[in-house]
Amino acid sequence: MIQWKDNFYDEFLNNPSKDTFYSFLHNNFGELDWVDFKGEWIHKGHLAKTLLAMANSHGGVIVFGVVENEDGSIIPNGLTKFEDKASIGNEVSKYISPNLDFEVLNFDYDNTIYPNAQNRKFQMVFVHDTPERLPFVSLAETTGLDKDIIYIRRDTKCEKATAEEIENIISRKI
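Residues numbered from 1 in each chain as written. Predicted model: local features only at pLDDT ≥ 70, side-chain atom pairs only at ≥ 80, totals over all residues. Heavy atoms only, no water.

Undergrad: Please give an account of the packing of aromatic side chains that cites residues and values.
TA: What the rule picks out here adds up to five aromatic pairs. When the ring of F21 is compared with that of F122, the centres are 5.7 Å apart and the planes differ by 50°; the resulting orientation is tilted. Residue F21 is located in helix 2 (residues 18-26), and its partner F122 is located in strand 6 (residues 121-127); the two are separated by 101 residues in the primary sequence. For F122, a relative accessible area of 0% gives the class buried. With centroids separated by 6.0 Å and ring planes inclined at 70°, the aromatic side chains of Y109 and F122 adopt a geometry described as edge-to-face. Here F122 lies in strand 6 and Y109 lies in the loop between strand 5 (102-108) and strand 6, a separation of 13 residues in the sequence. Residue Y109 is classed as buried on the basis of its relative accessible area, which comes to 0%. Every member of this aromatic cluster is reached through a ring pair, and the members are F21, F107, Y109 and F122. In this arrangement the basic side chain of K18 is found over the ring face of Y109, its NZ or CZ atom lying 5.8 Å from the centre. (Phe/Tyr/Trp six-rings, centres within 6.5 Å; stacked < 30°, edge-to-face > 60°. Helix = DSSP H or I, 4+ residues; strand = E, 2+ residues; numbered from the N terminus. Buried < 20%, exposed > 50% of the residue type's maximum accessible area, 1.4 Å probe, protein only. Lys NZ or Arg CZ within 6 Å of the ring centre and 35° of its normal.)

Undergrad: A description of the pairing of strand 8 (residues 157-160) should follow, citing residues and the corresponding values.
TA: Judged from the four bridges that link them, strand 7 (residues 151-154) and strand 8 form a sheet pairing that is antiparallel. When the bridges of strand 8 are listed, Y151 appears paired with K160. Joining the antiparallel neighbours strand 7 and strand 8 is a turn of two residues, in which D155 adopts a positive phi near 55°. (Pairing = 2+ DSSP bridges.)

Undergrad: Could you give me a rundown of the sheet that holds strand 5, with the residues and numbers involved?
TA: Taken together, the four strands give an open sheet; going across it, the order is 1-2-6-5, and neighbouring strands pair in mixed fashion. The open sheet has two edge strands with one neighbour each: strand 1 (35-38) and strand 5. Each adjacent strand pair in this sheet contributes to an overall mean axis angle of 15°, direction not counted. As paired elements, strand 2 (residues 60-64) and strand 6 share five bridges and run antiparallel to each other. Among the inter-strand pairings, I62 is bridged to a residue of strand 6, identified as V125. Against the sheet, helix 3 (residues 44-55) contacts strand 1, strand 2, strand 5 and strand 6, and its axis sits at roughly 150° relative to strand 2. In the packing of helix 4 (residues 85-92) onto the sheet, contacts are made with strand 5 and strand 6, and the angle to strand 5 comes to roughly 145°. (Axes fitted to C-alpha atoms, helices over the stretch in contact; angles between N-to-C directions. Contact = heavy atoms within 4.5 Å.)

Here's what the structure looks like:
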């Protein structure tokens, strides 16, 4: 699975386009530790927690506008509007380190040839893997986020890291 992740990152980050994003949606494996689907934008505390967990767990992507069914299939419902990229960064800035590297990409499929994405909008947040900056610790408390905690992705959930997981994170940095 890591190799597929690496291939996706290489292909997509070198050429982030509607085609490569649609290919990602079309060939998805459901949620994984490095892929999280959200039907709509989530509260800043939950977003900060997910960013921290992914940053501590080799990076990942959060896709907004996609709902995952219990069987792992996805429904690309889309978003009614794009969230402002600067606002997203401002909302989480007091909860995460400025060294946590992420970017927001917009995909608008107005008048597209892709039937499952026709007239839909999606946003994707890429959390880059930066082991030299580990660990990432929550800076403040809010709904869904505790202060001074190292979060990781475990079984597609954002969880508090155990002592052993913290040792693994520090080993990655070294």
